[in-house]
Amino acid sequence: MPDLSLVATDPLRYGYQSPVLASFLLTTFEEIGAQIKLEREQIKRGLEKLHSNTQQLENKSYASASVYGVASVSQLVPLVVDRINATTNRIKKGHVGKDFKDIHQFLEKIDPEPAALIAAKVTFDKVFSTKPKANAVPHVTDSIGTAIENECMLSHYETKVPGLLHVLQKNYWHASCGTDQKVTVIRTLMNRYDVPHWQPWGRANRVKLGGWLLDCICEASNWFMVEMKQEGRKRHNYMVPTPEFMAIKDDVMATAELFSPIAWPMIVEPKDWQPDGTEGGYILNEVMKGYDMVRRGERQCIQGETPINFLNHIQKVAYTLNPFIVDVARTLQEKGIEVGKFIPVVETALPPKPVDIADNKASRKDYRRRAAEVMNINAQQFKRSCRTRMTMHAVDVFEKHEKFFVPWSFDYRGRCYPIPAFLTPQCTDFGKSLLKFYESALMTPEAEDWLSFQVSTTAGMDKLPISERLKWTKDNESLITAVATDPIGNLSTWEGMSEPWQFLSACDEFYHCLIACDRDYTNLPVAIDATASGLQVLAGLCRCKTTAELVNVVPSERPQDAYKVIAEACIDSIPDRIKPYWDRKKTKRTVMTIPYNAKPFSNRSYIKEALKEDGIEVEKEELTQIVNAVRTAMKENFKGPMKVMKWIEEEVTAAIDRGLKELQWVTPSGFVVTQKLMKKNVERIRLQLLGECNIFLATGDKDKVDKSHHKSATSPNLIHSLDASLLHLSALRFNAPISLIHDSVLCRATDMSSLRSIVRETYMHLFAEHDYLKSWAAQIGAETDPPIIGDLEPEAVIESTYFFC
C-alpha cells in the first residue's frame, strides 16, 4: 500500500502506480488530502488528551489511575502479596525480629491483598505527584499507613454497625467525594452516635506500618528507591522511581500512544478491508494501529468473501448532519435544558458569601457546607454531560462537511460496530437523531406510510399493528405540526416520548414532506427491529412452530408479544401482592436474555429493578418465587429453544473435556467465529473506600480453558453470529443506503418495503434450505444429534408482516 500522504501531495508521481487506489478513483486528491489532515488532527488530539489526562492525574496525586499506573499496580500487587504472606509464615515460625511486633497487630486487621493494593496505589500516587514534597519518604509512609487505617476503620464499622454505615454512605457519599472526604464524613457522623468507636493507631504506628509496606514494594519490584537531596543545611529522603521502572513506564506510554488517536467519521469513503483483515478503514496507519477488522478475533484467521464485501458495502454509505436537530440541540445547550440522553452542562452558581464570613465561625462553616453541596452537584453534572459534550464537539467538526462516512469493523461473532464513538447509527437516541442519509430519494406513496410509521414508533406506539400506528400519526398531525414548527415552545409535548430526539426528527421530516409539502424528497433513516431476535433464531434452528408464532416468524393479524405471553403465563404463580403490578414490562429483560443464557441471578436483578420503577420493593423469598415462575413459563412456552440451549451446554462441556481449547464455526455468510475463552487470573478485592477492584494475579492457570465460560457463552454467541449472518446476506442484496444496529435495520422510507422483503427471504433461505444446527454440531464435533422439533416451515416468514417491524 503506498503512502497516501505522498499521494495527496504528489498524485502524478504516486497516485496511479497502485491498483489499491481503485476505491479512491471517484474521490478527488483534494478530498484525500483533507481526510489525511483530519486524521492527523485525530492523532494530535488523541495524544494531547492522553498526556493531558496523565498530567491532570499526577497533579491531583492520582497517578495510580493513569495508564501506566493501572498497568503497573496490577503487576505489582501479586508480588507484594507474596512478600506479605512470606512474612506471615515467618511470624508463625517465630523467625521475625522484635521490631515487627509493633506493626503486626495492625497488619492482622487487613488481608494481604487489600493491604498490597492500597500500599501500591498510594505509592504511585505520591511518587508521581507534582505536589511539592509529596514523595518525601515520611509523607509516603504516613500516607500508606493512614490509608490502611482508614480501610480498617470502615471495616470495623461495617462489622459493628453495618446498617448505620450503609445509611451514612448512601446519604453522604457523593460521586464527586474524594476518599479523604468520605473518611472525614464517616468519622464525624459516627462520633454523634453511641456506637463502638474506632481507636486511632497514632502517627508513629502508621509510619512504621507504611514504611514496612513500602519496603515490601521496593524489594519485591525494584521499581522505587530512596534518593537523598540536600536542601539548605538539611538532607531529605525522597522516594523516586528507578531507571528500570522509568523504562517500563516509557514502554507503557508508547503503547498507549498507538491507541490514542480519536476515532471520528471520515469525509471520504473508508479504505476497503482485505481478506487478511488489513488495509480497511482510515487512510493513515498511525490511526488504524488501534483497530482490527475483527475485534478480539484471531488475526491469522482469513474471513470469507461475503462478510468482507458486506463490511465494505456499509462503509460506502454517506451520512449528513440533520440541521434541524443541530439547531434545537444548540438552543437547549445554551438554555441548559436536559432532554433524554441530551445532557448539557448546567453550572449551579456558588452561594453568595455571608458578610461576616471572616469573623463568624458558624457562618463560615455554614457557607462551606452549602458551597460543597453545590460543587458536588456541578461535579456530578459535568460527569453526566460528558457524552453530550463530546457529541456536540463532533458536530462542530463535521458541520462544515457536506457528507461523511463511518468506518466499521466486526466483533469476533460477526456483528458489525462503527469504529467512531460519535455521529454513528449505533449512538444514543440523541446521537441517532443527528444523522440523515446523504443520498435522498423522491417521495412516494410507500414513503408516506413509512414516515408515518417512524413517527408513531418513536412516540412509543411500537407494539401496535401497523395500521393503528399509521392512524395514530394521522390523528396527531396537529401535534406533529406544533413540534416541527416550534420545538422549543412545545418541548413538553415531545420530551416525554419513547425516543424523544428521533421522534422530533421524524416529526420534522413528516411535516415538511406530508403536511407543508415544501420538501419532495426524504433521507431520514427509518428503523425496523426484530422481535426477540434470540428466540427468532432459535425457533429457526430447531424449527419450533410454537416459538415462531410468539416472535412473529409466522404471519399474524397483530404483532405478537412474547413478553406479554410470559407475564400472563406466570401470573398465577407469583405473590398475590405483586399481581396488580405485573405486566410485560416486568418480564421483558428476563425473556430477552434467557435465550442468551442469562442465569437466575441476573433474572432477579432485572425483575427487582422493573418492580422498583413502580415503587415496589420485594423480599428475597418473593423474588425467588417470581424468577422461578418466569423461568418455568419460558420452559413451557419455548420448549424448542430451551432444549437447544441445554443441548449446546452439554455438547460444549463434552468438547472441552475432549481437549478442545477453542470452538470455531463458520456462519452461513462465511464469517469464521473463533471462541477462545481462557481463565483470567483475576482476583476481585472489595475495599470500603475504593469499591471493587479487579487485580490480575500471576498464577499457573493462565493457559487453562474456561469451561464454565464456554458453556454460558456459546449459545448467545451462536445466536449473535447467525443474526449477524442474516444481516450480512441481506445488506449485500440491498442497493440503497442502509445502516444496522445489531438486530435492527435502517433505510429511507422509499426503500423500506424492499428491505423488509429481502430480510424475510434471507431468513427463509437460512433456515428452510439449510439445517444449520446439524452443520454446527458437526463443526464442533458434537456427540449427539441436536433436538429438532421440526413442525415449523420457515417459508412462512415470507408472509409475516411483523417479522421485522
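To keep things clear, this report deals only with the structure shown in the data block.

Reading the values: the criteria
- Residues numbered from 1 in each chain as written.
- Predicted model: local features only at pLDDT ≥ 70, side-chain atom pairs only at ≥ 80, totals over all residues.
- Heavy atoms only, no water.
- Salt bridge = Lys/Arg side-chain N within 4 Å of Asp/Glu carboxyl O.
- Pairing = 2+ DSSP bridges.
- Helix = DSSP H or I, 4+ residues; strand = E, 2+ residues; numbered from the N terminus.
- Axes fitted to C-alpha atoms, helices over the stretch in contact; angles between N-to-C directions.
- Contact = heavy atoms within 4.5 Å.
- Buried < 20%, exposed > 50% of the residue type's maximum accessible area, 1.4 Å probe, protein only.
- Polar contact = N/O pair within 3.5 Å; in protein donor to acceptor, adjacent residues only side chain to side chain.
- Arc of directions from axis to C-beta.
- Parallel < 35°, antiparallel > 145°, perpendicular 65-115°, else oblique.
- Left-handed = near helix turned anticlockwise from the far one by under 90°.
- Nonpolar A, V, L, I, M, F, W, Y, C, P; charged D, E, K, R; others polar.

Re the pattern of salt bridges
Alright, step 1. Inspection of every chain in the model, using the stated rule, returns 36 salt bridges.
Alright, step 2. With a closest N to O distance of 3.6 Å, glutamate 477 and lysine 474 form a salt bridge.
Alright, step 3. The network of salt bridges with common partners includes Asp142, Glu149, Arg203 and Arg206.

A short note on the sheet that holds strand S11 (residues 526–529)
Alright, step 1. An order of S11-S17-S16 is seen for the three strands of this open sheet, with the pairing classed as antiparallel. The open sheet is flanked by S11 and strand S16 (738–740), the only strands paired with a single partner. Shown here is a sheet whose adjacent strand axes are inclined to one another by a mean of 25°, direction ignored.
Alright, step 2. Note: S16 against strand S17 (residues 744–747), three bridges, orientation antiparallel. Paired with isoleucine 738 across the two strands is cysteine 747, which belongs to S17.
Alright, step 3. This element, helix H31 (residues 752–768), spans S11, S16 and S17 of the sheet and lies at about 25° to S11.

So, the environment of proline 737
Alright, step 1. Within the secondary structure layout, proline 737 lies in the loop between helix H30 (707–732) and S16.
Alright, step 2. Between the C-alpha atoms of proline 737 and asparagine 523, which are 214 residues apart in sequence, the distance is 9.2 Å.
Alright, step 3. Ignoring anything within four residues of it in the chain, the contact list for proline 737 reads Val317, Phe437, Glu439, Leu746, Cys747 and Arg748.

Considerations on the pairing of strand S2 (residues 234–241)
Alright, step 1. In this structure, strand S1 (residues 224–231) lies alongside S2, joined through eight bridges in antiparallel fashion. Counterpart to valine 226 in the pairing with S2 is methionine 239.
Alright, step 2. Once S1 ends, the chain turns through two residues before running back antiparallel as S2, passing glycine 232 with a positive phi of about 70°.

Considering helix H22 (residues 500–515)
Alright, step 1. Among the 16 residues of H22, 14 are classified as buried, and the element is accordingly described as predominantly covered.
Alright, step 2. Cysteine 517 occupies a position one or two residues after H22 and carries a positive phi of about 55°.

Description of the side chain of glutamine 502
Alright, step 1. Its place among the elements puts glutamine 502 in helix H22.
Alright, step 2. Side chain to side chain, glutamine 502 and glutamate 499 meet in a polar contact 3.3 Å long.
Alright, step 3. Apart from residues no more than four positions distant in its own chain, glutamine 502 is found in contact with Asp429, Lys432, Ser433, Gln454 and Thr458.

Let's talk about unusual backbone geometry
Alright, step 1. With phi around 60°, serine 61 is a residue other than glycine that occupies positive phi space.
Alright, step 2. Turning to its location among the elements, serine 61 is positioned in the loop between helix H3 (29–59) and helix H4 (67–92).
Alright, step 3. Non-glycine residue histidine 742 carries a positive phi angle of around 60°.
Alright, step 4. If you trace the backbone, histidine 742 turns up in the loop between S16 and S17.

Remarks on helix H32 (residues 772–779)
Alright, step 1. The complete set of buried residues in H32 reads Tyr772, Leu773, Trp776 and Ala777. Viewed along the axis of H32, the buried residues span an arc of 145°, placing them on a single side of the element.
Alright, step 2. Buried residues belonging to H32 abut helix H23 (533–542), helix H29 (639–657), strand S12 (663–666) and H30.
Alright, step 3. Taken from the residues just after H32, glycine 781 is the one with a positive phi, measuring 70°.

What to know about the packing of helix H7 (residues 137–160) against helix H9 (residues 179–190)
Alright, step 1. At a minimum axis separation of 11 Å, H7 and H9 run at an interaxial angle of 45°. With respect to each other, H7 and H9 are oriented oblique. Regarding H7 and H9, the two cross each other, and that crossing is left-handed. Two secondary-structure elements touch here, H7 through Asn150, Met153, Leu154 and Tyr157 and H9 through Val183, Ile186, Arg187 and Met190.
Alright, step 2. Its residues placed into classes, the contact of H7 with H9 shows six nonpolar, one polar and one charged.

Shape descriptors only; they carry no functional weight alone.
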